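Residues per chain are reported as follows:
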Amino acid sequence: MNPLKKIKHIHFVGIGGSGMIGIAYLLLRKGYKVSGSDIQKSNSLIDLKKLGAKVFYSHNEKNIGNADLIVMSSAIRKSNPEIRLAKKLGLTIIPRAQMLGSLMRGYESIAIAGSHGKTTTTSMIASIFTEALLSPTYIVGGKVLGSGKNSELGKGNYLIAEADESDGSFLHLQPDVGVFTNIDNDHLSFFDNDIEKLLDAFRMFAENIPFYGALIINKDDKNVMKVAKKTSRRQISFGGSSRCNYQIKDIVYKDKNQFFSMVDNFVNKTYQFTLPMAGKHNVYNAAAAIAASLEEGVPLKYIKQGLKKFKGVSRRFEKYKLNINKKEILLIDDYGHHPAEIKSTMNAIYQAFPNKRVCMIFQPHRYTRTAQLYNDFIDVLSMPNSLLLLDIYEASEKPIKGISSRKLLESIKQNGKLDARHTSDKLILGDIKNSTNDFDILVTQGAGSVSSICEKIRAKWEI
């Protein structure tokens, strides 16, 4: 069945978004005419253009051309000129997740949902299924290192994808297997600042799984368990407790690898795994991937090999070597923008590089998130030895009175973090150069335009 058989030209408004670009690539590979608009250039869009997509770096009515269907990013406002014209012309406009849901039809599908770890877990499952020669189709929110792609059109029966809860659009998906990595107090502005409404959305997503499917759950996460107790679907659990179907045990970090065991309580067997990544949170991501793979009958040897060969995802603890003032510095670039994610980054650094001094460049993402999690940000941004704080990346939000990077900086200093400064795109390279004696590891952290600062740093000092 081809649900898009009457569609020839698909136009993406906000095509550069991490979730959008993977779907656009997939549709190109399937033979559709693809066009799209965005306000920022990126290497991914340049690659997409080389493959045949028509990409515009502005929003203009003329961009939609003779499109049959409009796919709209959640970051795009209804006042966008392309959206206004599409409505006037009577064109169908759908969110990204609805397009993903249409693509899932005809596949055996696995969708990974959660506040943190979705991209990494999705990529791990794709790596395992690829190792098992199942040739999966996958769509993730970041480039899988090794392939350099956000998505791939495989020849097999499986489609593996991220499920985005941030705007509730994951309710358009009906996967055969759902995975819950965790549920945290993020994106609450969409849910009327009510975490119970967020939990209800996860419950509805779980109920979209067919009766013959399964829900993979992190039993160590209290919010996941709140949802699980109200969900009627078959559940498979992982976590540190012996009550889990798959119990995580004996985590050891050595020689750039984490070694850990998983007790399979279905058959009373213990398996050993190697993961070439730091951070306890990544062991939990791997445990979710293992549980999903075993549920789908993937042989254990391929699960082990897929994890051992996993190279990671772009902007998820991605490492580079720098030479600044004749001193070798390790640069770590990470997408994490929630306090829990920043804490995981710092814990992973201290696990892998004990006794090293860390300087973090952080860009807060959204005024609403900064306001809602203000005290949590104060705590986690006090973890590095020094901090360079950029202005808040607004992400189309309006400023909130009393919420700014400078105000946050004052609060951090009052908390005892004395080596913390405000900086900007123009000043950042000078600030780094003048303080290299104070750190061994430099971290660019955040989901906004801080990635472009990482690129500037690499262009100037990468070895």
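Residues numbered from 1 in each chain as written. Predicted model: local features only at pLDDT ≥ 70, side-chain atom pairs only at ≥ 80, totals over all residues. Heavy atoms only, no water.

S.K.: Would you explain the environment of Ile94 in this entry?
M.R.: Along the chain, Ile94 turns up in strand E5 (residues 92–95). Leave out the neighbours within four places in its chain, and Ile94 touches Leu69, Ile70, Val71, Met72 and Met99. (Helix = DSSP H or I, 4+ residues; strand = E, 2+ residues; numbered from the N terminus. Contact = heavy atoms within 4.5 Å.)

S.K.: Teacher, can you tell me more about the nonpolar core here?
M.R.: In summary, soluble globular proteins display a tendency toward joint burial of nonpolar side chains. Grouped together as the largest cluster of nonpolar side chains are 53 residues, with contacts concentrated most on Ile10, Phe12, Leu27, Leu48, Met99 and Phe180. It is helix H1 (residues 18–29) that contributes the most residues to this core, eight residues altogether. With near-sequence residues (within four places) excluded, Leu27 lies in contact with Leu4, Ile10, Phe12, Tyr32, Val34, Met99 and Leu103. Ile128, Val177, Phe273 and Leu307 belong to the second largest nonpolar core, which has 41 residues in total. (Core = buried A, V, L, I, M, F, W, Y, C linked by side-chain atoms within 4.5 Å. Buried < 20%, exposed > 50% of the residue type's maximum accessible area, 1.4 Å probe, protein only.)

S.K.: What is the right way to look at the state of the cysteines in this model?
M.R.: Here, the word disulfide means a covalent bond between the sulfur atoms of two cysteines. Per the counting criterion, the structure on display carries zero disulfides. Not engaged in a disulfide, the cysteine Cys454 finds its nearest cysteine sulfur in Cys359; these two sulfurs lie 13 Å apart. Cys454 sits in the buried class, given a relative accessible area of 2%. (Disulfide = S-S within 2.5 Å.)

S.K.: Any chance you could explain the pairing of strand E8 (residues 149–152) here in plain terms?
M.R.: Looking along a regular strand, one sees side chains alternate from face to face of the sheet. One ladder, built from three bridges, connects strand E7 (residues 137–144) with E8; its direction is antiparallel. Looking at E8, one finds that Ile139 is bridged to Ser151. With antiparallel pairing between neighbouring strands as the criterion, E7 and E8 make up a hairpin whose turn holds four residues, including Gly146 at a positive phi of roughly 110°. (Pairing = 2+ DSSP bridges.)

S.K.: Mind showing me how you'd approach helix H9 (residues 300–308) here?
M.R.: Side chains that are three or four residues apart share a direction in an α-helix, a result of its 3.6 residues per turn. For H9, the full list of buried residues reads Ile303, Gly306 and Leu307. Projection of H9 onto a plane perpendicular to its axis shows the buried side chains occupying an angular sector of 95°, all on one side. In H9, the exposed residues that point more than 90 degrees away from the buried face are Lys301 and Lys308. Where H9 is buried, its residues meet helix H5 (118–131), strand E15 (269–275) and helix H8 (280–295). (Arc of directions from axis to C-beta.)

S.K.: When you look at unusual backbone geometry in this model, what are you seeing that I'm missing?
M.R.: Negative phi characterises most residues that are not glycine, and trans characterises most peptide bonds. In this structure, Asn325 takes a positive phi of about 55° despite not being glycine. If you trace the backbone, Asn325 turns up in the loop between strand E16 (318–324) and strand E17 (327–334). The backbone phi angle of Asn355 is positive, close to 70°, even though this residue is not glycine. Relative accessible area serves as the criterion here: at 79%, Asn355 is assigned to the exposed category.

S.K.: Got a minute to help me understand the packing of aromatic side chains in this structure?
M.R.: Geometry of an aromatic ring pair is reported as the spacing of the ring centres plus the angle between the planes. Here the structure, examined in full by the defined rule, presents 10 aromatic pairs. An aromatic cluster of at least three residues, connected via ring pairs, comprises Phe170, Phe180, Phe202 and Phe205. In this arrangement the basic side chain of Arg316 is found over the ring face of Tyr335, its NZ or CZ atom lying 4.3 Å from the centre. (Phe/Tyr/Trp six-rings, centres within 6.5 Å; stacked < 30°, edge-to-face > 60°. Lys NZ or Arg CZ within 6 Å of the ring centre and 35° of its normal.)

S.K.: What's the story with the sheet that holds E7 in this structure? I'm lost.
M.R.: Consider a sheet: its strands pair through backbone hydrogen bonds, and that pairing is either parallel or antiparallel. Across the sheet, 10 strands lie side by side as E8-E7-E9-E6-E10-E11-E12-E13-E14-E15; this open sheet has mixed pairing. The open sheet has two edge strands with one neighbour each: E8 and E15. Neighbour-to-neighbour, the strand axes of this sheet turn through a mean angle of 20°, independent of strand direction. Relative to strand E14 (residues 257–264), strand E13 (residues 246–254) runs antiparallel, the two sharing seven bridges. Paired with Tyr246 across the strands is Asp264, a residue of E14. Sitting on the sheet, H1 touches E7 and E8, and the angle it makes with E8 is about 40°. Contacting strand E6 (108–113), E7 and strand E9 (158–162), helix H4 (residues 96–104) crosses the sheet at an angle of about 165° to E9. (Axes fitted to C-alpha atoms, helices over the stretch in contact; angles between N-to-C directions.)

S.K.: What is the right way to read the sheet that holds E5 from this model?
M.R.: Taken in spatial order, the five strands make up an open sheet running E3-E2-E1-E4-E5, and their pairing is parallel. One side of each edge strand has no neighbouring strand; the edge strands of this open sheet are strand E3 (54–56) and E5. The sheet shows a mean angle of 20° between the axes of neighbouring strands, taken without regard to direction. One ladder, built from three bridges, connects strand E2 (residues 33–37) with E3; its direction is parallel. When the sheet's bridge partners are listed, Gly36 is paired in E3 with Val55.

S.K.: Would you mind going over the packing of H5 against H8 with me for this structure?
M.R.: The description of two packed helices rests on the angle between their axes and on the distance between the axes. Contact geometry for H5 and H8: axes closest at 9 Å, N-to-C directions at 45°. Judged by the angle between their axes, H5 and H8 are oblique. The handedness of the crossing between H5 and H8 comes out as right-handed. Of H8, the residues touching H5 (which contributes Thr120, Thr121, Met124, Ile125, Ile128 and Phe129) are Asn282, Asn285, Ala286, Ala288, Ala289, Ala292 and Ser293. Its residues assigned to classes, the contact of H5 with H8 shows eight nonpolar, five polar and no charged. (Parallel < 35°, antiparallel > 145°, perpendicular 65-115°, else oblique. Left-handed = near helix turned anticlockwise from the far one by under 90°. Nonpolar A, V, L, I, M, F, W, Y, C, P; charged D, E, K, R; others polar.)

S.K.: Can you walk me through the packing of H1 against H4 in this structure?
M.R.: The interhelical angle for the contact between H1 and H4, taken along N-to-C directions, is 40°, at an axis separation of 10 Å. In the crossing of H1 with H4, the sense of the turn from one axis to the other is left-handed. Contact residues: Gly19, Met20, Ile23, Leu26 and Leu27 in H1; Arg96, Met99, Leu100 and Leu103 in H4. Of the residues belonging to the contact of H1 with H4, the class tally is seven nonpolar, one polar and one charged.

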